[in-house]
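Structural characterization, general
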Amino acid sequence: MSIISILVYGAALGCVLAVLAVGFSLVYGVGGIINLSHGAYYILTAYIVFWFINANIVAYPIAIIIGLSLIALLGIVTYLALIKPIQHNEIGVMIVTFALAFLIEQAILVYEGSKPEEIKDISLIPFAKGQINIFGTQIDAQYIVIMIAAVIILSCLILFIKKSRIGKAIRAVSQDKDAAKLMGINVNLILMFVLTLSAVLAGFAAILYVSVSPIYPNYGWEYLLISMSVVLLGGLGSLPGSVIGAFIISFSRFICFYLVDIPYNVAYSGIIYLAVIIIMLIFRPCGILGKKERT
Amino acid sequence: MEQSTKRILAIVLIAVIGTGIGIGAWYFLVIPAGEGENPYEYPGYAGEGKPPLSKTIKVGLLDHTAVYGQLTYVGMTMSATEINAAGGVDVGGTPYYIGITMEDTKEAFYNYDEALSATLRMIEKDPDIVIGGFRSEVVETYVPYLMQAGIPFMTTGCATTEFCQTNVASDIWPYFFRIMPQNSENLGLAFMDYLENFLFPNMTGEGVILDGATIMYEELIWTIDLKNMLYDFLNATSMVTPGVRLGYANVTLKPITPSMGALDFMAYWGVFGGSGHQLMLPVISDPTLGNYFGMGYNLTQPNAIVAGINVAHQLADYLTTTPAMGCQYEISMSGAERVPSGPNQIAFWDAFKVATGGYDPVYTAIGAYDAIKIIANATTIAGSTALNDLVAGLESFNTTNWMFGLGRKLAFDENHDVIATNPDAGLYNFSAPLWCQYNQEGVKHVIPSGGFYDDNFIPNDMFRWPYWWVLP
Amino acid sequence: MVEKDQNVNEELVTEKVLTRRPFSIPLKNYSKKTSKRLGIFFKHKIPYAESELKSWVRSFRGGIILLCLFLVTLIPLLLNSIVYFHVFIIAMVYAIYAASWDLLSGVTGQVSFGHAAFFGLGGYMCAAFVKFLGFHWFPSIIIGGALGVLFGLIIAIPSLRLKGPYLALGSLAFSLLMWRLFSMESLRFLFFGSEGIRNVAFLQSLTLREKLITEFILALIIMIVCITIMLVVYNSKLGTIFKGIRDDEYATEAAGINVTRYKLLAFCISAFFAGIAGSIYMLHRGNVKPDIFMSLYSFYPIIMVVVGGISTISGAAFGAYFFYVLNEIITQLCSDFLPSNLQLIFSNIATLFFAIILLVVVRFTERGLMEPAIKRSKDLWDLLRGK
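Residues numbered from 1 in each chain as written. Chains lettered and ligands numbered in written order. Predicted model: local features only at pLDDT ≥ 70, side-chain atom pairs only at ≥ 80, totals over all residues.

A few points about the overall build of chain A
- Scanning chain A from terminus to terminus reveals 12 helices and two strands.
- Ordering the α and β elements of chain A from the N terminus gives α-α-α-α-β-β-α-α-α-α-α-α-α-α.
- By the burial criterion, 52% of the 295 residues in chain A qualify as buried.
- Expressed as a percentage of contacts within chain A between residues at least 6 apart in sequence, the contacts between residues at least 24 apart total 74%. (Helix = DSSP H or I, 4+ residues; strand = E, 2+ residues; numbered from the N terminus. Buried ≥ 20, exposed ≤ 12 C-beta atoms within 10 Å, placed from the backbone. Contact = placed C-beta atoms within 7 Å.)

Regarding the environment of B:Ser184
Residue and element names in this part refer to chain B.
- With respect to the helices, strands and loops of the structure, Ser184 is situated in helix α6 (residues 184-205).
- Overall, the presence of 26 C-beta atoms within 10 Å leaves Ser184 in the buried class.
- Residues Ser184 and Ser238 lie 54 residues apart in sequence; the distance between their C-alpha atoms is 23 Å.
- In this structure, Ser184 is in contact with Ala159, Thr160, Thr161, Trp222, Asp225 and Leu226, ignoring residues within four places of it in sequence.

Points about helix α4 (residues 136-148) of chain B
- In this model α4(B) runs 19 Å from its N-terminal to its C-terminal C-alpha over 13 residues, within 8% of the 18 Å that 1.5 Å per residue would give.
- With respect to burial, α4(B) is a largely interior element, 12 of its 13 residues being buried. (Expected span 1.5 Å × (residues − 1).)

Regarding the environment of C:His136
- With respect to the helices and strands, C:His136 occurs in the loop between α5 (116-131) and α6 (137-159).
- Remark: the alpha-carbon pair of C:His136 and C:Asp247, spanning 111 residues in sequence, is separated by 43 Å.

A word on the sheet that holds strand β5 (residues 153-155) of chain B
All names here are of chain B.
- Spatially, β2-β3-β1-β4-β5-β6 is the arrangement adopted by the six strands of the open sheet, whose pairing is mixed. Single-partner strands in this sheet number two, and they are β2 (89-91) and β6 (176-178). Averaged over all pairs of adjacent strands, the angle between strand axes in this sheet comes to 30 degrees, irrespective of strand direction.
- Where strand β1 (residues 56-63) lies against strand β4 (residues 129-132), four bridges are found, and the strand directions are parallel. If you follow Leu62 over to β4, its bridge partner there is Gly132. (Pairing = 2+ DSSP bridges. Axes fitted to C-alpha atoms, helices over the stretch in contact; angles between N-to-C directions.)

Quick notes on the domain arrangement of chain B
All names here are of chain B.
- Once the domains are mapped, chain B shows domain 1 (53-181 + 341-421) and domain 2 (185-334 + 433-446).
- The C-alpha-based centres of domain 1 and domain 2 are spaced at 31 Å.
- If you look at the interface, domain 1 gives seven residues, while domain 2 gives seven residues.
- Of the residues assigned to the side of domain 1 that touches domain 2, the class counts are two nonpolar, three polar and two charged. (Domains from an automatic or database assignment. Nonpolar A, V, L, I, M, F, W, Y, C, P; charged D, E, K, R; others polar.)

Rendered as structure tokens:
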């Protein structure tokens, strides 16, 4: 029974982390931008959908579309207003996206705190209810839905980048920005598109996962750190690396639960991804599949 | 423009702006800091304006507004309204009125700087007594400031036993009181009493042999003591009670951290289900973790009874947040329910819902309501609001001289701790947790306690066994 | 016997020493050379120190800084409100902390997102020494800083190879790791568990007002000393080397400077002052808990320095005051003037306001708020004087 559970939960979490981290990796690989508001995009999408559902204005699917559109809009605005003007300054970009994440978290807190009841965690309605029996273990059907949806999203993304014209342009920009400019590609537009895409990917991840894992307003940093650790593990700028890293981190977390049988295995599993980051940074900063930079 | 004109213009502008800022700063910052204006509110006061500060019992609230604080303030307001509308409190022959105020400590987010600022702002208002508190770690940081300023503090939200039994006893915090909830030691005693006198007999009576249990707990100041008590108790009972074969070897301790997600809990429940334990004892105060806990119980459906402390279980939407099956069979302690355990409990409950637009009273609000009442009585007994008189007045409430709070008999022990129900000492119907379980209609009912509180005092419903556990 | 002109020869020797070496820390020789260098420093600089000080005070910048210092001392005493003593003490603690971050990240370019590690460790060390070993608080503060240096070295050595985002992420991960380690019950015997070190008595025998005033003056003196030292470092040759490392590390190395050694030095100095800030913070609060390693405390100096001006040490102090004192004023205004039902909505408004300010400042200013403010006020001052 335990093995099935590890496989299913690990795979589900791994799929979600993959979708989340791929966006982060894309932005860095193509534009050299470290987007510290990636976690904030995740929780903001979840909160927007939650507020619309709670207000009973629209149906659930419409709320999802609105949420994703709003987060895409935020991505566009972020790029145009915040990142593009100070693009040359890498640290400046990090700080400005960090400020944006801080702002989003405070804004959510102000709104959530304005109700008399205590600030609670929120969760979204799962798409599938009930359970499925897999080789003798009861698994919530939502996890299967998560995996299928994530696989669909990732395959669409890969097809898009490989086959479409914009995908080609993205790959060109990621290889050499100046050469792409000389070839007539509007680099700014591509960067904006990539940032928006990463925001929408974070939004997808939120919609899938928040249904089984409720969030609190200050969880944004946790998800940011997890996606950063996944990307570091797999290699900054490498998409297949991010997917592999996501599964490694999520499986190692569950294996730590089941196989490390000491009383405090929970606490240790919570610091696994931190230990991963530190070890990777010391021994192999470019990650498993990353391009080796000159140190 | 000519240079000299610019210069004159600049000088004039600066003078005007400077004076404006100076006056504004003086008016906004200095004056409200206690120069004549009365910062207290007097809900229910029938007279003109505000009564003078010399005829006021000044009570402050230090709590986190966005988390429970607002509701606690409502409880305070309701109590003060009743007293003020009835003409105030008789202190040494003159009517005094209850003045209340609040400062937001933001303590639920562990914001120590803001909590200290709020405490100091409160001290500036020179209250006679301050109530409140929620996050023990932050309370521990700001109470010494209140003690050093000579202001008593009555906590409505901290269960840490040490605050009274150690800090008051050794005179580190001479003016600290606790009115709600019971300290974790008493919660533990109630827990152990419940296990011994109700749950174990019921389970062994159905033919179940108890040979494994898990205690799942958060690592906070107040939960760790409780966990240790339970652990020792489970080991001790197995020698005495037939059918109970628990010991240190087969009781698992599972600490949980706030970073755990739903999947982590699913994993935990999976391990628990595989372990074959018959008892799961949660000590969880974080409502998020409590929700995941309930979800996990529902989905794994182990052959086990869940009984313990799960703060999420007390919240109104626990049933809708976790799939309903999990809620129905989980037994959890509750600080307060809408039961006629005191003469005014039901009326207060309904009035609170009206006053807040539909919210149930939280235990901190009930504590605040009781606090105002007992402070008013204490000042009447003592005849003044001076520090030592007030403290002496509060101390005069003991097991023989108690007061009726909302739903319980109210008194303090020699360490200023609220006295809890203790059947062994013959103390019934003092502060006690209520054992609750959701019934089939999704309504929370108080279930029998095995003699812990007088079952005539609190009407209770039947206890239900999880349907999936087919007994031999 | 002819007496060698010690100074001249030593200078040549020290110049030769600053050549590139493989990574090693020859401690024995290092301390001898350091003391010789300090000797040179004092012999050559001290005669000029007095006139330098005088000209600095007369300059506009020095005048403004002295004026601000004067106001900072005066305002809480004038208002005579215990809340403002507390607010200014916290602001001063953050000023030292932010300045130490600025020294590491703004001046030397090693952007660290996990500075809370040094801050918290300083607090823990000082608390341990005061509570468990019974030391007087003053040497404990220094010890807090010194042990912070030790941990600074431990953290710095692996960080030497990392650049930019890797370093930022690694330092953040490290401080979060400290947080988890210090919260774990199983390691309580080593790391004090989730409760931290509690009930550290400090000036308990005074009344509350006296205690706060004493802490205020103490913090003020320590802040002035620390920031002065950091400014001296900034303006000295050491500071130039640090700035060189930030601007172009390879060029600096090519110029013959042992970049590794100076990076370590930057980490150590920064950790020392962060540890001192942490110690004062702990003494004021009365306890220290593992949540001092949380990312929030790592973000505070970043916010303050960015608002005040990166790579100007005094900008960090400006940012700290700006952020914290204004936060308090807004909260007090809200609580004084809003009826209690509206207070709920505005309970978090101050931090939101600052998040907006931070965003605007980062986006629109190159050097933070302090430098343009000083420039504009200098222009205004010249205008007023009729220049």
